[in-house]
Amino acid sequence: MAFKLYSTDDGHVPAWEYLPCSAMKPQIGMGLAVNETTGLLAVSTTPKYIAMRVEDKNVASGTLIPVVKIAPDQVWESALASAANVKAGKAVDVASGGLLVDATATANKNFTLTYLAGTAEGSAVRGRFNG
């Protein structure tokens with residue numbers, strides 16, 4: 001699973017932006033951030049964007065890919081990277097790889113859980129990204 005938009009507060013569909021990425025294999029729903037050194041998107045555990053393109057191989061550095069900018073009015077759905085004893089309201093981390101929620105980690109506390117289908121690995125969760 002990966003991050004997919006579940007809802008927005010006012011029901012609008014967010015616009016896509018096209019930004020250059022580093023040499024990587026983008027996946028729909030992958031959390032990305034602009035690397036301050038290169039100015040290119042890269043996989044991030046503190047994402048600012050969600051990728052909207054999938055490739056089966058690495059794209060060249062500088063390739064433009066469609067992304068959605070993360071905003072406070074969005075609820076995102078993903079899955080737990082591992083089993084965790086957590087409840088809605090807890091701020092947790094995005095797992096390495098940028099596709100899942102690591103509810104056992106709280107170093108970044110950048111994703112606040114609002115719903116959990118369960119606490120086992122792979123359980124669907126929803127929440128909002130924090131700042």
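Calculation criteria
Residues numbered from 1 in each chain as written. Predicted model: local features only at pLDDT ≥ 70, side-chain atom pairs only at ≥ 80, totals over all residues. Heavy atoms only, no water. Pairing = 2+ DSSP bridges. Helix = DSSP H or I, 4+ residues; strand = E, 2+ residues; numbered from the N terminus. Axes fitted to C-alpha atoms, helices over the stretch in contact; angles between N-to-C directions. Salt bridge = Lys/Arg side-chain N within 4 Å of Asp/Glu carboxyl O. Phe/Tyr/Trp six-rings, centres within 6.5 Å; stacked < 30°, edge-to-face > 60°. Buried < 20%, exposed > 50% of the residue type's maximum accessible area, 1.4 Å probe, protein only. Lys NZ or Arg CZ within 6 Å of the ring centre and 35° of its normal.

Digging into the sheet that holds strand 7 (residues 74-79)
1) Next: Read across the open sheet, the six strands follow the order 1-7-11-10-8-9; overall the sheet is antiparallel. Two strands close off the open sheet at either side, each with one partner strand: strand 1 (4-8) and strand 9 (101-102).
2) Next: For strand 8 (residues 91-94) and strand 9, the ladder comprises two bridges, and the chain directions are antiparallel. Directly across from D93, in strand 9, lies its bridge partner D102.

A word on the sheet that holds strand 6 (residues 64-69)
1) Next: With antiparallel pairing, five strands are arranged side by side in an open sheet as 2-6-5-3-4. Each end of this open sheet is capped by a strand with a single partner; those strands are strand 2 (16-20) and strand 4 (41-43). Strand-to-strand twist across the sheet, computed as the mean angle between neighbouring axes with direction ignored, equals 50°.
2) Next: Bridge analysis of strand 2 against strand 6 gives five bridges, and the strand direction is antiparallel. Looking at the pairing, P20 lines up with L64 of strand 6.

Topic: the pattern of salt bridges
1) Next: Tallying each qualifying case throughout the model produces four salt bridges.
2) Next: Between K4 and E77 there is a salt bridge, with the nearest N and O atoms lying 3.4 Å from each other. Taken together, the residues K4 in strand 1 and E77 in strand 7 connect sequence positions 73 residues apart.
3) Next: Of the charged contacts in the structure, one is a salt bridge between R128 and D9, with a shortest N-O distance of 2.9 Å.

Section: the packing of aromatic side chains
1) Next: For the structure shown, the criterion picks out four aromatic pairs.
2) Next: Plain terms: the ring middles of F3 and F111 are 5.6 Å apart, the flat faces sit at 65° to each other, and that makes the pair edge-to-face. With F3 in the segment before strand 1 and F111 in strand 10 (residues 111-116), this residue pair connects regions lying 108 residues apart in the sequence.
3) Next: By relative accessible area, which is 2% here, F3 ends up buried.
4) Next: Taken together, a centroid distance of 6.4 Å and an interplanar angle of 70° make the contact between W76 and F129 edge-to-face. Of this pair, W76 sits in strand 7 while F129 is found in strand 11 (residues 124-129), placing the two residues 53 residues apart along the sequence.
5) Next: Using a relative accessible area of 2% as the deciding quantity, one classes W76 as buried.
6) Next: The structure contains a cluster of three or more aromatic residues connected by ring pairs, namely F3, W76, F111 and F129.
7) Next: Just above the ring of Y6 sits the side chain of R126; from NZ or CZ to the centre is 3.8 Å.
8) Next: Note that R126 overlies the ring of Y115, its terminal NZ or CZ placed 4.2 Å from the centroid.

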